[in-house]
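Structural features, examined
So you can see what is in the structure, the chains are spelled out below.
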Amino acid sequence: MGPPGGRGSSSARGSLQHLLLFLLFVGPFNCFASYSRATELFYSLNEGLPAGVLIGSLARDLRLPTAGGQHSASLQPPLSFTLASHGLGGQYVQLDNHSGELHTSAMEIDREALCVESSGATIFGGSAAVSSSSPSPESCLLLLDVLVLPQEYFRLVKVKIAIRDVNDNAPRFPVPHIHLSVPENAPVNTRLAIEHPALDPDMGTNGVQTYRLRDNYGVFTLDVEENENGERTPYLIVMGALDRETQDEYVTVIVAEDGGTPPLVGSATLTIGISDINDNCPQFNESQLNITLYGNSSLGTHVATVHAVDMDLGSNAQITYSYSQKVPQPSRDLFHLNESTGAITLSTKVDGDTLRLHRLIILGNGPGCIPAVITVLVTIIKVMMRPPEVVPRFIANEVEGVVYLKELEPINTPIAFFTIKDPDEKYKVSCYLDGDGPFRLSPYKPYNNEYLLETTKPLDFETQQLYEISVVAWNSEGFHVKKVIKVQVLDDNDNSPVFSEQLIELSIEENNVPNAFLTKLHATDADSGERGQVSYFLGPDAPSYFSLDKTTGVLTVSTQLDREEKEKYRYTVKAVDSGFPPRESIATVTITVLDKNDNSPRFINKDFSFFVPENFPGFGEIGVISVTDADAGQNGWVALSVLNGSDIFVIDTGKGVLRAKVSLDREQQSSYVLWIEAVDGGDPALSSTAKITILLLDINDNPPLVLFPQSNMSYLLVLPSTLPGSPITEVYAVDKDTGMNAVIAYSIIGRRGPRPESFRIDPKTGNITLEESLMQNDYGLYRLLVKVSDHGYPEPLHSTVMVNLFVNDTVSNESYIESLLRKEPDISVEEKQPQISIEPTHKKMESASCMPTLVALSIISLGSIALVTGMGIYICLRKGKKHHRADENLEVQIPLNGRINLHMLEKKPMEISNI
């Protein structure tokens, strides 16, 4: 390759210019060619798929190179896929702009919502697939326009997505109740269309396929007919004889089922009414009536009534009555026949020329029927005399033969006068009162043939409202005449309402819903009309949150009741009628509020603390846990249990007594924290917890433990030059108890040695000091029996230790000293108890003078000088003895000034008790 700017570069630039000219010339034609490449793709897809389901890959189906294909390196710029418009179809799909993959979007595709007008579509199984054939005109389609870029691959792709139907809709009838009328004479195999077939938005076999009846009564079945549009209509087919007079209605359920897998169903109530036809004719219950009529009967006298029955309905059951053509005209003129009611009455007066026997043939006529026939034989009895006359003159209110009297009218209230007479004035006429009731008919003197009708006791409307009595007159020939009188009792407001129960005992569970129903009060009033209309009212003692409906008597409570707040309610209710003046009665309502487990057990305290002496006996009572539950009955039963520490502590679940299974040792554990749970007996149970702290009080159960000296066989060398008041050693002890039980006092209770009183011990600290200067004859072994005692109550405990001091300049014969230590010391024990002043005494300080203070300061100064001198001597002695001491067997062998460090090394860690 030549250098830049050479010939090679010029030739390359020339070739590039020629290529650009060629592209400029050819480019427009290439553009036109690209625009001409329009393509159609067809996919099919089930409705209702979730987001992200692959519909198809446009790049693959168009056979275009993609970024991951064989020619991906040459795609500069890469392919780009874009929706030409974001219309209705674009919201249901997502197009990957780089890969050309088409997926479902988050908006679910509902074929029935998209294609309301579609009548059907072929359903294919499986996922989306490309089809080379065009979709059927019945398909539900999503139409998309996709642009493919860049320029050299430009295409306008028409994407058609056929939405396949799935069985996601059940058949549904447009109305819940379908009524169908069938004439009772419908022949077998009669077909009647059901006008409200079921609808199913799904298509094809997912639509409605079959119908069935849940109960066909053995006389019906269903058939389905399909028209040219594929619509299926159910038909009811009559399979047996119908008779409206036997059963006039059939109620069943019509079920529509589609062809999906699994099939879905819908139902509606089908009521089949059997319409009446005129298939029954009038019939008389009797074929002949025999009637006797007196010749002196007045005009309009009722003779008889004929009655026929037709089992049909409406106009088919209308019956008219008429005389047969065989009835002679004189009989027709004498007796009038009501064509509607069948009543026969006397229409003309009977005289001497009237026939004594009349045969009346009466026809019962129905539409389209042969008339029914009944014969009425009327025999007229000739009367030779005129009957007695009864003439009433009413005193009480009378309308058309009915007398109206108020109840509670007084006794002997007059009703009417009756005049009894014989028209021929030939016969004696008497009369009497016939009928039941509180009435009396008596002669009214001084007049003859005058009678007064009056009451004998007050009338009661509630006992009887209507009386029918007759005034009967007869003459000496035995001829009777009857005058019928009706007495109607008028009601008065003489009765108070009466509750069905005077004490109405109710119960309701607490925490009821507002406006809860309690009961419906019922009171009756024997009076009639408005006087018997009862209204209900709460008494003045009723709480405001109770309501009583004035008209219906429904008692409700408007708020929630709480049994724990109030368990029983007692108040009065009134029933008042609408009379004037109104009358009322009172009843008592008691309401018991039933318990509901709405309260958790409640401890008296949230935290309980108990102080228990240690070594308390096992199963002894530590304390009582008090807990309450506001609920009642089983809901208020409380069971206690220990949530933690149940291996040591138990609790009496009923009494709440807390006990320890074993004796407790404060030195092992000084306190316990327990959680106690209280559970009630409700369902579901409620619970609560409380914290229990048990603090163990110390008792004096541990004697002091001597930590130093560690053995009764150890000894300490004391130089004769030790100054009086100098500390020699100490006894160190601890006590595991606390308080006064752990306050330790030290005392020397036994001594042995040349001059044993030369040493004393501090009762508080246990420090042993030299009291007097040591002389030449004080050399030797001193054995001090030290008593270590606590201040426990009720009885102090103690331990003893032997403190061995060897007064000498050096230790030259250790075996000799050890032999002395092994001998049992002959020491008499002193019974004197150590005295320790626990509290400081201010009186001694107040009475002290300055002189003792100066003496003490002088002694301290001299002691310090002696201590420094002793330390120097001790160091020199140690250096001088190293060459001839092969082994050191003594447990303790140090001069006085070396004691402190050794003690610090030999003391073991001790437990510090809280005093």
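Residues numbered from 1 in each chain as written. Predicted model: local features only at pLDDT ≥ 70, side-chain atom pairs only at ≥ 80, totals over all residues. Heavy atoms only, no water.

The subject of this paragraph is the overall build of the protein. When helices and strands are counted, the protein shows eight helices and 60 strands. Here the protein, with 915 residues, has 39% of them falling under the buried criterion. (Helix = DSSP H or I, 4+ residues; strand = E, 2+ residues; numbered from the N terminus. Buried < 20%, exposed > 50% of the residue type's maximum accessible area, 1.4 Å probe, protein only.)

Where strands meet in a sheet, backbone hydrogen bonds hold them as pairs that are either parallel or antiparallel. The strand order across the open sheet formed by three strands is β36-β40-β39, and the pairing between neighbours is antiparallel. What marks the edges here is a single partner per strand, and that holds for β36 (516–520) and β39 (546–548). When strand polarity is set aside, the average angle formed by the axes of neighbouring strands in this sheet is 25 degrees. Taken together, the four bridges between β36 and strand β40 (residues 554–557) define a ladder with antiparallel strand orientation. Within β40, the residue paired with Thr 519 across the bridge is Leu 555. (Pairing = 2+ DSSP bridges. Axes fitted to C-alpha atoms, helices over the stretch in contact; angles between N-to-C directions.)

Time to look at the state of the cysteines. Counted according to the given criterion, the structure contains one disulfide. With a sulfur-sulfur separation of 2.3 Å, Cys 281 is cross-linked through a disulfide to Cys 369. Disulfide Cys 281 to Cys 369: torsion about the S-S bond roughly -85 degrees, handedness left-handed. Taken together, the positions of Cys 281 in the loop between β15 (265–275) and β16 (283–284) and Cys 369 in the loop between β23 (357–365) and β24 (372–381) put the pair 88 residues apart, joining distant regions of the chain. Of the residues examined, Cys 369 reaches a relative accessible area of 15% and is grouped as buried. (Disulfide = S-S within 2.5 Å.)

This brings us to the sheet that holds strand β18 (residues 302–305). Taken in spatial order, the three strands line up as β18-β22-β21 in an open sheet, and their pairing is antiparallel. With one partner strand each, in any of the chains shown, β18 and β21 (335–337) form the two edges of the open sheet. Strand-to-strand, the axes of this sheet are offset by a mean angle of 20 degrees, without reference to chain direction. With three bridges joining them, β21 and strand β22 (residues 343–346) adopt antiparallel strand pairing. Within β22, the position partnered with Phe 335 by the bridge is Leu 346.

On to the packing of aromatic side chains, then. Counted under the stated rule, the structure contains 17 aromatic pairs. Between Tyr 432 and Trp 474 the ring centres are 5.4 Å apart and the planes differ by 65 degrees, which places this aromatic pair in the edge-to-face class. Residue Tyr 432 is located in strand β29 (residues 429–434), and its partner Trp 474 is located in strand β32 (residues 466–475); the two are separated by 42 residues in the primary sequence. Ring geometry for Tyr 444 and Tyr 447: centres 6.3 Å apart, planes at 10 degrees, overall stacked. Judged by relative accessible area, which is 54%, Tyr 447 ranks as exposed. Pairwise contacts between aromatic rings join Tyr 545, Phe 546, Tyr 569 and Tyr 571 into one cluster. One Lys or Arg, Arg 191, reaches over the ring of Tyr 235 and ends 5.2 Å from the middle of that ring. (Phe/Tyr/Trp six-rings, centres within 6.5 Å; stacked < 30°, edge-to-face > 60°. Lys NZ or Arg CZ within 6 Å of the ring centre and 35° of its normal.)

This part takes up the side chain of Thr 588. Position of Thr 588 among the secondary structure elements: in strand β42 (residues 584–594). Accessibility expressed as a relative area gives 19% for Thr 588, which makes it buried. For Thr 588, the contacting residues outside a window of four places in its chain are Gln 502, Leu 503, Ile 504, Arg 570, Tyr 571 and Thr 572. (Contact = heavy atoms within 4.5 Å.)

Looking now at the pattern of salt bridges. In total, this model carries 21 salt bridges according to the counting rule given. In this structure, Lys 160 engages Glu 40 in a salt bridge whose closest nitrogen and oxygen atoms are separated by 3.6 Å. On the criterion of sequence distance, the pair formed by Lys 160 in strand β8 (residues 155–164) and Glu 40 in strand β1 (residues 38–46) is long-range, its members being 120 residues apart. Across the salt bridge formed by Lys 421 and Glu 389, the nearest N and O atoms sit 4.0 Å from each other. Highlighted residues: Lys 421 in strand β28 (residues 414–421) and Glu 389 in strand β25 (residues 389–394), separated in sequence by 32 residues. Its relative accessible area of 32% is what places Glu 389 among the partly exposed residues. (Salt bridge = Lys/Arg side-chain N within 4 Å of Asp/Glu carboxyl O.)

What follows deals with the confidence of the model for the protein. When pLDDT drops low, the exact placement of atoms in the prediction is not to be read closely. Per-residue confidence for the protein averages 80 on the pLDDT scale, and 82% of its residues sit at or above 70. In the predicted structure, residues 118–134 sits below a pLDDT of 50 and forms 38 contacts with residues beyond four places in sequence or in another chain. Here residues 879–915 is modelled with pLDDT under 50, and outside its nearest four sequence neighbours on either side it reaches 66 contacts, counting other chains as well. (pLDDT = per-residue confidence, 0-100.)

Turning our attention to the side chain of Glu 510. Here Glu 510 is to be found in the loop between β35 (503–509) and β36. As a buried residue without a salt bridge, Glu 510 has its nearest oppositely charged side chain in Arg 563, at a separation of 4.5 Å. (Lys, Arg positive; Asp, Glu negative; His and termini not counted.)

Residues Leu 643, Val 673 and Trp 675 make up a contiguous nonpolar surface patch of about 280 Å² in total accessible area. Take Trp 675: it is sitting in strand β50 (residues 671–680). (Patch = residues over 30% accessible without salt bridge, like charges linked within 9 Å, V, L, I, M, F, W, Y side chains within 5 Å. Areas by Shrake-Rupley, 256 points an atom, 1.4 Å probe, with all protein chains shown as cover.)

Let us look at helix α5 (residues 814–822). Among the residues making up α5, those that are buried are Glu 814, Ile 817 and Leu 821. Taken around the axis of α5, the buried residues stretch over an arc of 60 degrees, which confines them to a single face. Against β53 (715–718), β59 (780–790) and β60 (798–807) lie the buried residues of α5. (Arc of directions from axis to C-beta.)

A few words now on the environment of Leu 289. For Leu 289, the position within the fold is in strand β17 (residues 288–294). Residue class for Leu 289 comes out buried when judged on its relative accessible area of 17%. In the structure, Leu 289 is positioned 86 residues away from Thr 375 in sequence and 6.3 Å away in space, judged by C-alpha atoms.

If you trace the backbone, Met 107 turns up in the loop between β5 (101–104) and α3 (111–114). Taking C-alpha positions, Met 107 is 9.4 Å from Leu 49, a pair spaced 58 residues apart along the chain. Among residues more than four places away in sequence, those in contact with Met 107 are Gln 91 and Tyr 92.

Okay, unusual backbone geometry next. Here Lys 445 and Pro 446 are connected by a cis peptide whose omega angle stands at 10 degrees. Tracing the backbone shows Pro 446 in the loop between β30 (439–443) and β31 (450–455). Cis rather than trans, the peptide bond between Phe 580 and Pro 581 has omega equal to -10 degrees. Position of Pro 581 among the secondary structure elements: in the loop between β41 (568–577) and β42. Look at Asn 412: it is not a glycine, yet its phi comes out positive at around 65 degrees. Within the secondary structure layout, Asn 412 lies in the loop between β27 (402–406) and β28. Non-glycine residue Phe 619 carries a positive phi angle of around 65 degrees. With respect to the helices and strands, the residue Phe 619 is situated in the loop between β44 (607–613) and β45 (621–624).

A word on the environment of Pro 514. Topologically, Pro 514 is positioned in the loop between β35 and β36. Classification of Pro 514 as exposed rests on a relative accessible area of 51%. It is 5.9 Å that separates the C-alpha atoms of Pro 514 and Gln 560, two residues lying 46 residues apart in sequence. Beyond its immediate sequence surroundings of up to four residues, Pro 514 is in contact with Val 557 and Ser 558.

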